[in-house]
Number of protein chains: 2
Amino acid sequence: MTEIRIEDLRYIATGAAILGAGGGGDPLVGRLMAEHAIAKCGPVRVIGADQLDDSDLVIPSAMMGAPAVMLEKLPSGNEPEVSFRALEKIIGKKAAAVVPIEAGGLNSCIPIYTAAVLGLPLVDADGMGRAFPELPMVSFGIGGVSATPMVMSDEKGNTVVIDAIDNAWSEILSRPVTIAMGLAAMLAIYPMDGAALKKLAIRNTVSLAYKIGKALDDTNQALTSPVEVLCEVTGGFRLFTGKIVDVTRDMTTGFLRGEAGIDGLGDDDGATFRVEFQNENLVAWNGDRLVAATPDLITVIDAETAGPVTTENLQYGRRVHVIGIPCDPFWRSTEALAQVGPRYFAYDVDYQPIEHLVEGVNQ
Amino acid sequence: MTEIRIEDLRYIATGAAILGAGGGGDPLVGRLMAEHAIAKCGPVRVIGADQLDDSDLVIPSAMMGAPAVMLEKLPSGNEPEVSFRALEKIIGKKAAAVVPIEAGGLNSCIPIYTAAVLGLPLVDADGMGRAFPELPMVSFGIGGVSATPMVMSDEKGNTVVIDAIDNAWSEILSRPVTIAMGLAAMLAIYPMDGAALKKLAIRNTVSLAYKIGKALDDTNQALTSPVEVLCEVTGGFRLFTGKIVDVTRDMTTGFLRGEAGIDGLGDDDGATFRVEFQNENLVAWNGDRLVAATPDLITVIDAETAGPVTTENLQYGRRVHVIGIPCDPFWRSTEALAQVGPRYFAYDVDYQPIEHLVEGVNQ
């Protein structure tokens with residue numbers, strides 16, 4: 001993948017929704033922003049991480065907050081540029097490229113928008129290979145890059161610059177600002193040099209999203225099984241097929257927590273399955289047996305349309321497939337698991353790689 | 001007053017507590033910081049507003065949050081400098097002087113500390129002539145100076161820079177940051193030039209605080225009436241003398257709201273008085289008759305010690321005098337009253353100057 005044209009965006013958005021693992025928000029608004037920017041400014045050049053010089057400045061561009069809010073509180077359009085340019089000014093250097101912070105969800109498309117309007121290349125990589133809810137949960141940060149200085153801006157024209165003592169404090173200070181800005185802010189964050197990016201980025205995730213979206217689209221035309229295609233492209237596993245029979249949700253903590261119960265159909269007839277989520281799907285159980293846990297990806301797709309189902313769209317009666325996808329090996333270190341493993345999210349289980357857990361599961 | 005020495009600080013702190021009108025916080029921590037800084041760096045030179053050139057940069061230095069928190073969460077000591085220097089850097093110019101934003105409470109002393117450690121003169125003026133709870137309630141702001149760029153810093157080393165579209169948004173964005181910083185942040189805010197300061201500052205309020213504190217101290221030694229002395233120095237009026245018989249408080253809105261009922265003693269025997277407060281004392285009633293309203297100052301002093309009683313120290317059984325002091329004429333414009341008059345604080349009364357209200361009241 002050497003460039004992103006308007007017609008590529010729908011594949012990237014679909015793939016990003018799969019990689020969002022139920023979270024990261026509907027890419028729709030980001031896709032519309034990126035379409036508009038590419039129509040005006042031309043296609044976005046895509047480069048590999050290795051094409052950057054060690055001393056190049058690279059800046060991730062992202063949205064923070066509740067993606068659902070953006071469907072009603074539309075961006076004015078220039079917030080990502082405002083944040084990006086302000087961060088360049090603080091650092092005193094022009095950026096050589098934009099990089100996504102998340103491969104999954106809305107934040108797959110925001111950096112495409114930013115790259116288009118700024119005339120910068122987009123790095124085919126990101127800091128997660130999926131979606132996560134908090135600022136420190138980024139490979140760049142776990143690898144030692146400071147999230148700050150970071151710049152937040154809103155559609156009204158307010159900007160806030162945070163310089164925190166560590167990445168945990170970047171989250172503590174920016175979350176209430178995001179809420180005050182109306183639950184959505186555009187960020188320029190984790191400024192880093194090319195050397196850090198090359199060392200820490202999860203590679204080729206923009207093109208992976210594209211490939212997933214394209215394959216699902218081709219599948220729909222060919223009437224082959226989207227589950228098989230998805231597992232082939234992602235290296236994933238079908239974990240379960242069934243009908244959602246129970247969903248509980250709790251928003252009191254500011255994150256969407258809950259679980260969905262699924263009764264088996266077809267090969268899984270008679271079995272019961274449970275997905276526990278907090279914005280993203282985080283832990284999955286077949287009966288009493290753990291079958292997948294964060295940071296591996298647990299993605300739910302609609303059995304009829306093969307479209308990704310985000311956690312806010314888990315509904316009684318919906319027939320779904322649950323797919324498990326191995327996360328990037330980066331996340332499987334003890335240090336990374338301390339930030340994104342099931343115990344961080346208060347689930348009383350130890351992480352085990354999905355490849356081990358699915359041994360013996362019907363694929 | 002041409003300089004502030006260590007021995008002057010206790011008078012300024014006492015006078016500032018009177019001018020705090022029940023709010024603004026106990027000046028103690030600020031006074032200790034200022035004492036320490038003057039001991040180390042020497043006395044602070046005090047200048048009149050007219051000694052500034054029109055093009056000089058002047059920066060107010062202040063604390064935001066809950067002053068009571070600072071009694072337990074002590075500043076590391078250099079936050080005011082960190083904020084001040086960061087704001088100078090953003091503006092690209094060195095400041096010629098520090099100015100207080102409030103004459104009342106803790107923020108009387110913070111700028112003395114800052115001036116001492118930075119070796120800058122302190123302007124004998126402020127932006128209120130009293131204390132108020134919100135960032136836009138400052139003469140500079142009402143006169144058109146932007147509160148931002150503003151810099152907030154905490155004792156841990158975090159800094160946040162806010163650039164807001166208007167002063168109301170500076171409050172909306174900074175309040176949750178203050179809470180996240182642990183309910184106390186040190187600000188550099190309302191950067192302005194000498195011309196704006198000369199036009200908008202409430203003059204000679206540092207020396208007024210000193211005069212009030214000194215007069216009360218002399219009074220205590222001479223056993224003359226502190227109420228008479230206070231009224232003479234401030235141009236104020238004794239509104240009531242009695243015993244506090246009822247206090248209600250509500251913290252649910254993040255501000256300390258409530259009221260104190262006072263039964264008359266001596267000349268006021270048989271009468272009942274009521275002070276309504278939200279951080280500061282805002283409205284006072286003798287029976288059903290309004291006798292003082294914000295922005296005029298309503299200050300409660302202990303009948304035995306003549307010491308100022310802040311709203312958090314209003315207690316059943318305490319014998320007190322209530323003093324009303326005319327605010328600076330700046331606050332009596334329609335525009336200013338819209339920001340700080342009783343209706344802004346949701347009291348269903350119109351502002352009337354205290355000089356009119358007290359006609360016929362026994363002084």
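Values in this document were obtained by computation on a predicted structure and should not be read as measured data.

Description of the packing of helix α2 (residues 28–41) of chain A against helix α5 (residues 110–118) of chain A
Residue and element names in this part refer to chain A.
For step 1, the next point in the chain: The N-to-C vectors of α2 and α5 enclose an angle of 20°; their axes lie 8 Å apart at closest approach. The angle between α2 and α5 places the two elements in the roughly parallel class. The two elements α2 and α5 cross, and the hand of that crossing is left-handed. Touching G30, M33, A34, A37, I38 and C41 of α2 are I110, I112, Y113, A116 and V117, all from α5.
For step 2, the next point in the chain: A class-by-class count of the residues in the contact of α2 with α5 yields ten nonpolar, one polar and no charged.

A look at the packing of aromatic side chains
For step 1, the next point in the chain: For the structure on display, the rule yields twelve aromatic pairs over all chains.
For step 2, the next point in the chain: With 5.7 Å between their ring centres and 90° between their planes, Y11 of chain B and Y210 of chain B make a pair best called edge-to-face. In this pair, Y11 of chain B is assigned in helix α1 (residues 9–19) and Y210 of chain B in helix α9 (residues 205–222), connecting sequence segments 199 residues apart. Side by side, Y11 of chain B and Y210 of chain B carry an identical accessibility label, which is buried.
For step 3, the next point in the chain: Seen from their ring centres, Y344 of chain B and F345 of chain B are 5.4 Å apart, and the 80° between their planes marks the pair as edge-to-face.
For step 4, the next point in the chain: Looking at F345 of chain B, the relative accessible area reads 5%, which means it is buried.
For step 5, the next point in the chain: Three or more aromatic residues link up through ring pairs in this structure, and these residues are F132, F330 and W331 of chain A.
For step 6, the next point in the chain: The ring of Y11 of chain A carries the charged tip of K214 of chain A above its face, separated from the ring centre by 5.5 Å.

What about the state of the cysteines?
Two cysteines joined by a covalent bond between their sulfur atoms form a disulfide.
For step 1, the next point in the chain: Per the stated rule, a full pass over the model turns up zero disulfides over all chains.
For step 2, the next point in the chain: As a non-bridged cysteine, C231 of chain B has C327 of chain B as the owner of its nearest cysteine sulfur, 16 Å distant.

Some words on α1 of chain B
An α-helical segment advances 3.6 residues per turn. Residues three or four places apart therefore align on the same side.
For step 1, the next point in the chain: The buried fraction of α1 of chain B amounts to nine of the eleven residues, a majority that puts the element mostly inside the structure.
For step 2, the next point in the chain: For α1 of chain B, the complete set of buried residues consists of L9, Y11, I12, A13, G15, A16, A17, I18 and L19 of chain B.

Side note on the interface of chain A and chain B
For step 1, the next point in the chain: Taken together, the contact pairs 17 residues of chain A with 17 residues of chain B.
For step 2, the next point in the chain: Of the roughly 1,500 Å² buried between chain A and chain B on both sides combined, carbon and sulfur atoms contribute 65%.
For step 3, the next point in the chain: Summed over the shared surface of chain A and chain B, the number is zero salt bridges.
For step 4, the next point in the chain: Inspection of the region where chain A meets chain B yields five residue pairs in polar contact (both at pLDDT 80 or more).
For step 5, the next point in the chain: Of all elements in the fold, only β8 (159–163) and α7 (167–180) of chain A reach the threshold of two or more residues within the side of chain A that touches chain B.
For step 6, the next point in the chain: Element by element, the count of residues in the side of chain A that touches chain B is highest for α7 of chain A, at six residues.

Focus: the sheet that holds strand β15 (residues 280–286) of chain B
All names here are of chain B.
For step 1, the next point in the chain: Taken together, eight strands build an open sheet; the order of strands is β16-β15-β14-β13-β12-β19-β17-β18 and the sheet is antiparallel. The two strands at the open ends of the sheet, each matched to only one other strand, are β16 (289–293) and β18 (308–309).
For step 2, the next point in the chain: Looking at chain direction, strand β17 (residues 297–302) and strand β19 (residues 319–325) are connected through six bridges and run antiparallel. Among the inter-strand pairings, T299 is bridged to a residue of β19, identified as I323.
For step 3, the next point in the chain: Packing against the sheet, helix α10 (residues 226–234) makes contact with β12 (237–250), β17 and β19, and its axis sits at approximately 15° to β19.

What to know about unusual backbone geometry
For step 1, the next point in the chain: With omega at 5°, the peptide bond leading from T148 of chain A into P149 of chain A counts as cis.
For step 2, the next point in the chain: When you line up the elements, P149 of chain A lands in the loop between α6 (139–142) and β7 (150–153).
For step 3, the next point in the chain: Here the bond from T294 of chain B into P295 of chain B is cis, since omega is 15°, no more than 30 degrees from zero.
For step 4, the next point in the chain: Although it is not a glycine, A306 of chain A adopts a positive phi angle of roughly 65°.
For step 5, the next point in the chain: You can see A306 of chain A is positioned in the loop between β17 (297–302) and β18 (308–309).
For step 6, the next point in the chain: Even without being glycine, N279 of chain B reaches a positive phi, approximately 65°.
For step 7, the next point in the chain: For N279 of chain B, the position within the fold is in the loop between β14 (272–278) and β15.

Definitions and cut-offs
As a convention, each chain's residues are numbered from 1 in the sequence order in which they are written. Numbering of ligands from 1 and lettering of chains from A proceed in the order in which they are written. The predicted origin of the model limits local features to residues at a pLDDT of at least 70 and limits the giving and counting of side-chain atom pairs to 80 or more, whereas totals for whole chains, interfaces and linings rest on all residues. Note that water and hydrogens are dropped before the side-chain values are worked out from all heavy atoms of the structure. Every axis corresponds to a line fitted to the C-alpha atoms, with the helix fit spanning only the stretch in contact, and the corresponding angles, defined between N-to-C directions, vary from 0 to 180 degrees. Note on conventions: DSSP H or I runs of at least 4 residues are helices, E runs of at least 2 residues are strands, and numbering of each starts at the N terminus. If an angle is under 35 degrees, it is roughly parallel; if it is over 145, roughly antiparallel; if it lies from 65 to 115, roughly perpendicular; otherwise it is oblique. By convention, the crossing between two helices is left-handed when the near helix turns anticlockwise from the far helix through less than a right angle, and right-handed when the turn is clockwise. Between two residues, a contact is recorded if the distance between any of their heavy atoms is within 4.5 Å. Amino acids are sorted into nonpolar (Ala, Val, Leu, Ile, Met, Phe, Trp, Tyr, Cys and Pro), charged (Asp, Glu, Lys and Arg) and polar (every other residue, Gly among them). Think of it this way: a Phe, Tyr or Trp ring, Trp meaning its six-membered ring, pairs with another when their centres are within 6.5 Å, and the plane angle makes it stacked under 30 degrees, edge-to-face over 60, tilted otherwise. Burial classes: relative accessible area under 20% of the type maximum marks a residue as buried, over 50% as exposed, and values in between as partly exposed (1.4 Å probe, protein chains only). A positively charged side chain is recorded as over a ring if its NZ (Lys) or CZ (Arg) lies within 6 Å of the ring centre. The angle to the ring normal must also be within 35 degrees. Whenever a pair of cysteine sulfur atoms sits within 2.5 Å, that pair is classed as a disulfide. Two parts placed together each lose some accessible area under a 1.4 Å probe, and adding up what both lose gives the buried area. The term salt bridge refers to a side-chain nitrogen of Lys or Arg lying within 4 Å of a carboxyl oxygen of Asp or Glu. Pairs of N or O atoms are called polar contacts if they sit within 3.5 Å, as long as, within protein, a hydrogen donor faces a hydrogen acceptor (for residues adjacent in sequence, only side-chain-to-side-chain pairs). Two strands pair if DSSP finds at least two bridges between them.

Honestly, it's all geometry; don't read function into it.
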